[in-house]
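# Per-entry structural report
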Amino acid sequence: MTAENLRPRWARDLLRFLPLKSQFVLTGNVRDLQIRASGGQAYAASLTDVLAASLAEAGYGEIVRYDPVQGFATITDPMVSTSDADAPLARLGLTPAQGRAAGGSDVLATTLQRQAELDGPSLALIVDFASRLIVRNDALSPSEQQLFTRALVLGQSVQPRPVGPERAPRFNCVIWVVEKEGDLPDWLMIDNPRLRHIPIAAPDRAARNAIAPSLVRSMPGGREAAPEVLQEAREDLVDSTEGMLLMDLNAVTQLARAEGVRIENIGEAVRRYKVGVTEDAWRKIERRRILEGADTIRNRVVGQDHAITHMLDIIKRAATGIGGRRGNRPRGIAFLAGPTGVGKTELAKSITELLFGDESAYIRFDMSEFSAEHADQRLIGAPPGYVGYDVGGELTNAVREKPFSVVLFDEIEKAHPRILDKFLQILDDGVLTSGRGDRVYFSETLIVFTSNLGIYTTGPDGERRAAVTPDQPFEEVQTRVREGIGDHFKLVLNRPEILNRFGENVIVFDFIRPEVGVQIFDSMVKSVLNDAAASGQRVEMMPDALNSLRELCTADLANGGRGIRNKIEAHLINPLARALFERENAGPVRIRSIERGTSTVLVLEDV
């Protein structure tokens, strides 16, 4: 690959317009490392170094850099030929010492005037951190107004002079380096024929691929590695650092050298850099726990064997790393859909306990709380200047604190559509930038969404109607629910790309069928009696009373297991607590019968 092909696009743009423009504004990814080519090879260098090399190639023999803290300094890049580091500063009327000269913004304004009037070799002035020269862009102070007005006038009046053996025209140019175009006064930027705005984009795959060879060779084992090992490491580095800066890639290899991560494990070095911890929690999960997880989860989520199997497949894929997960994408994604009270949230809790030994370790967000348009600021944090900026976002803070976690977004359909754009970023890129500018990676998380989409539909009269009913077979329920989810994302939200990210991981839960309802009822009643025994009160139930209560609690399964629990609370727990409280004898009791009425009454007898 030629040096010209390796040169960043912004640098090529700068070289093209040096004969035509007297001032340039570089914006965007200006704090990152940039690609610099030498001998047909590319490596990462600072923006100042790449600028100096480009300007020297264009015939500039003297280059001076200014920033508000250190003042003026002569660029001493090896590609810039200068015999005396103090000479360029002296030409500008400064008092140099070892290639440096102090000076504030007032001195910069005077220096701009002197630079425009210079004869002899062309001199380029790089004004770095120019955003910090202004306190408020909409209310310039007199000194700020004077500085940029002088820059505007001088930019129009300065004339190019022939430079080098080819006598190419060159200005004594000024290059302003700022983070955003709006950091400088609009009247300096807009309709200025002598000023060229050059954006510097974040590195793409080609840029990462260009510097990857030099980086992987610097890792432990890189110098003696076979060509095919180097090639595989380069591809792994490029694939696993999608969306990251060149500075991040450089830091990854520095971390690898410091911690002895060999070239064969480049993915491990990237993972450590992203999440900031050495051990991989996913690899520490006991294989036996996952293998036995189905039986454990079936005790808590009854009648949903297909959903449990599918979810465990996602877990096994996440733990083994199989499945083509690239870049920063989450370890796994699951979209749990179906009627209310069938175990969607319970499955997420069970998976969390299976993975981390504590069902409360998951990060849960009730999306009904994020129905407002600007609710995304709660997730990622308010931007600078807004109330709550210093607090950060609830989601970004939580994932940064617990990078290995299950993140549950409950009832996703209740979130504002603007929130869904953040989910698209998480599912696609696996990274969110908080309001404070911190990049938070989701590469070690398991993302779970729950939803009731597809269960109800809106009729022509606006009335809400059931789209699926318990008397339909599960295959029909599954088809209709999937259709409802598809219609919502494609037609209502116009976000089909989000549905595509879920792929085949949309898991539809079945209704609680009568036989399953009986299992849930028996399990809940047993739990209530065990709780009573644990509190020192032994309670038994006669078969007739148990059958009567079972019939009462499972007659209507429209609300699933949650509905059964509510009825057990109304017809067993509350009347039992009332009866035990009123009894003087604290001995064992037997529930002989249940009397229904305005409030259920239990007929008890001593055992």
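What you see is a predicted model, and the numbers here were worked out from it, not measured in a lab.

This paragraph deals with the overall build of the chain. From N to C terminus, the chain includes 23 helices and 23 strands. Relative to the 2.2 N^0.38 estimate, which gives 25 Å for 607 residues, the radius of gyration of the chain is 34 Å and therefore markedly larger than a compact globule would have. A total of 607 residues make up the chain; the buried ones form 49% of that total. Residue pairs in contact within the chain that sit at least 24 positions apart in sequence constitute 71% of those at least 6 positions apart. As presented, the chain carries roughly 28,800 Å² of accessible surface, and 49% of it is formed by carbon and sulfur atoms. Charged side chains of the chain number 73 positive and 83 negative; the gap between the two group centres comes to 3 Å.

Time to look at the pattern of salt bridges. With the rule as written, the count across this model stands at 35 salt bridges. For D438, the salt bridge goes to R400, with nearest N and O atoms at 4.0 Å. Of this pair, D438 sits in the loop between β15 (431–433) and β16 (439–441) while R400 sits in helix α17 (residues 394–401), placing them 38 residues apart in sequence. For D438, a relative accessible area of 32% corresponds to the partly exposed category. The partner of E605 in a salt bridge is R590, and the shortest N-O contact between them spans 2.9 Å. With a gap of 15 residues between them, E605 in strand β23 (residues 601–606) and R590 in strand β22 (residues 589–595) connect regions that are remote in the sequence. For E605, a relative accessible area of 23% translates into the label partly exposed. It is possible to trace a salt-bridge network through shared partners that takes in R31, R65, D67, D128 and E179.

Our focus in this paragraph is the pairing of strand β3 (residues 41–45). On any regular strand, side chains alternate: one points to one face of the sheet, the next to the other face. As paired elements, strand β2 (residues 34–38) and β3 share 5 bridges and run antiparallel to each other. Along β3, the bridge assignment pairs R36 with Y43. Connecting β2 to the next strand, β3, in antiparallel fashion are 2 residues, including G39 with a positive phi near 65 degrees.

Before going further, it helps to spend a moment on the packing of helix α2 (residues 9–17) against helix α3 (residues 47–57). Packed helices, taken two at a time, are described by their axes: the angle between them and the distance between them. The geometry of α2 relative to α3 is characterised by a closest axis approach of 10 Å and an angle of 35 degrees between their N-to-C directions. Between α2 and α3 the crossing geometry is right-handed. Contacts between α2 and α3 pair W10, A11, L14 and L15 from the former with L47, V50, L51, S54 and E57 from the latter. In terms of residue class, the contact of α2 with α3 is made up of 7 nonpolar, 1 polar and 1 charged.

Sheet strands pair by backbone hydrogen bonding; their relative direction is either parallel or antiparallel. Read from one edge of the open sheet, 3 strands run β21-β22-β23, paired in mixed fashion. Each end of this open sheet is capped by a strand with a single partner; those strands are β21 (539–541) and β23. If you compare each strand with its neighbour and ignore which way they point, the axes differ by 40 degrees on average. Taken together, the 6 bridges between β22 and β23 define a ladder with antiparallel strand orientation. Paired with E595 across the strands is V601, a residue of β23. Each of β21 and β22 touches helix α22 (residues 543–554); the most contacted strand, β22, lies at about 45 degrees to it.

Counted residue by residue, strand β4 (residues 62–67) has 6 buried out of 6 residues, so it is predominantly covered. Every second residue of β4 is oriented toward a common face, with E62, V64 and Y66 on one face and I63, R65 and D67 on the other, all of them buried. Relative to strand β7 (residues 123–127), β4 is paired through 5 bridges, and the arrangement is parallel. Bridge pairing in β7 places R65 opposite I126. Sheet topology places β4 next to strand β5 (residues 71–74); 4 bridges connect them, and they run antiparallel. Note that in β5 the partner of D67 across the bridge is G71. Between β4 and β5, which follow one another and run antiparallel, lie 3 residues.

Here we take up the side chain of H488. Note that H488 resides in helix α19 (residues 474–492). With residues near it in sequence (within four places) discarded, H488 still touches E413, L453 and L493.

Another aspect to go through is the sheet that holds strand β12 (residues 332–337). If you trace the 5 strands from one edge of the open sheet to the other, you get β13-β14-β17-β12-β20, paired in parallel fashion. Strands with a single pairing partner mark the edges of an open sheet, and in this sheet they are β13 (363–366) and β20 (506–508). Across this sheet, the average inter-strand angle for adjacent strands is 20 degrees, counted without regard to direction. When β13 meets strand β14 (residues 405–410), the two strands line up parallel, connected through 4 bridges. Bridge pairing links D366 to D410 in β14. Along the sheet face, helix α15 (residues 344–356) touches β12, β14 and β17 (445–451) and points at about 170 degrees away from the line of β14.

Within soluble globular proteins, side chains that are nonpolar generally end up buried alongside one another. Within the largest apolar cluster, 56 residues are counted, with the highest numbers of intra-cluster contacts made by M311, L347, I351, L446, I568 and I591. Element by element, the count of residues in this core is highest for helix α21 (residues 514–534), at 8 residues. Once you skip the residues sitting within four places of it in the chain, I568 turns out to touch F521, M524, V525, V528, C553 and I573. Membership of the second largest hydrophobic core comes to 43 residues, among which are F335, M367, A398 and I447.

The next subject is α22. If you check α22, its first and last C-alpha atoms are 16 Å apart, about what 12 residues at 1.5 Å a residue would give, namely 16 Å. Within α22, burial applies to A545, L549, R550, L552, C553 and T554.

So, about the side chain of R208. Topologically, R208 is positioned in helix α8 (residues 205–217). No salt bridge is formed by the buried R208; its nearest oppositely charged neighbour, E242, is found at 5.5 Å. Not counting residues up to four positions away in its chain, the partners in contact with R208 are P203, V238, T241, E242, G243, M244, L246 and L249.

Moving on, we get to unusual backbone geometry. In this structure, Q98 takes a positive phi of about 55 degrees despite not being glycine. Residue position: Q98 is located in the loop between α4 (87–91) and β6 (100–101). Using a relative accessible area of 79% as the deciding quantity, one classes Q98 as exposed. In this structure, E411 takes a positive phi of about 55 degrees despite not being glycine. Relative to the helices and strands, E411 resides in the loop between β14 and α18 (417–429). Look at E411 and you get partly exposed, because its relative accessible area is 22%.

Reading the values: rules and limits
- Residues numbered from 1 in each chain as written.
- Predicted model: local features only at pLDDT ≥ 70, side-chain atom pairs only at ≥ 80, totals over all residues.
- Heavy atoms only, no water.
- Helix = DSSP H or I, 4+ residues; strand = E, 2+ residues; numbered from the N terminus.
- Rg over C-alpha atoms; globule rule 2.2 N^0.38 Å.
- Buried < 20%, exposed > 50% of the residue type's maximum accessible area, 1.4 Å probe, protein only.
- Contact = heavy atoms within 4.5 Å.
- Areas by Shrake-Rupley, 256 points an atom, 1.4 Å probe, with all protein chains shown as cover.
- Lys, Arg positive; Asp, Glu negative; His and termini not counted.
- Charge placed at Lys NZ, Arg CZ, Asp CG, Glu CD.
- Salt bridge = Lys/Arg side-chain N within 4 Å of Asp/Glu carboxyl O.
- Pairing = 2+ DSSP bridges.
- Axes fitted to C-alpha atoms, helices over the stretch in contact; angles between N-to-C directions.
- Left-handed = near helix turned anticlockwise from the far one by under 90°.
- Nonpolar A, V, L, I, M, F, W, Y, C, P; charged D, E, K, R; others polar.
- Core = buried A, V, L, I, M, F, W, Y, C linked by side-chain atoms within 4.5 Å.
- Expected span 1.5 Å × (residues − 1).

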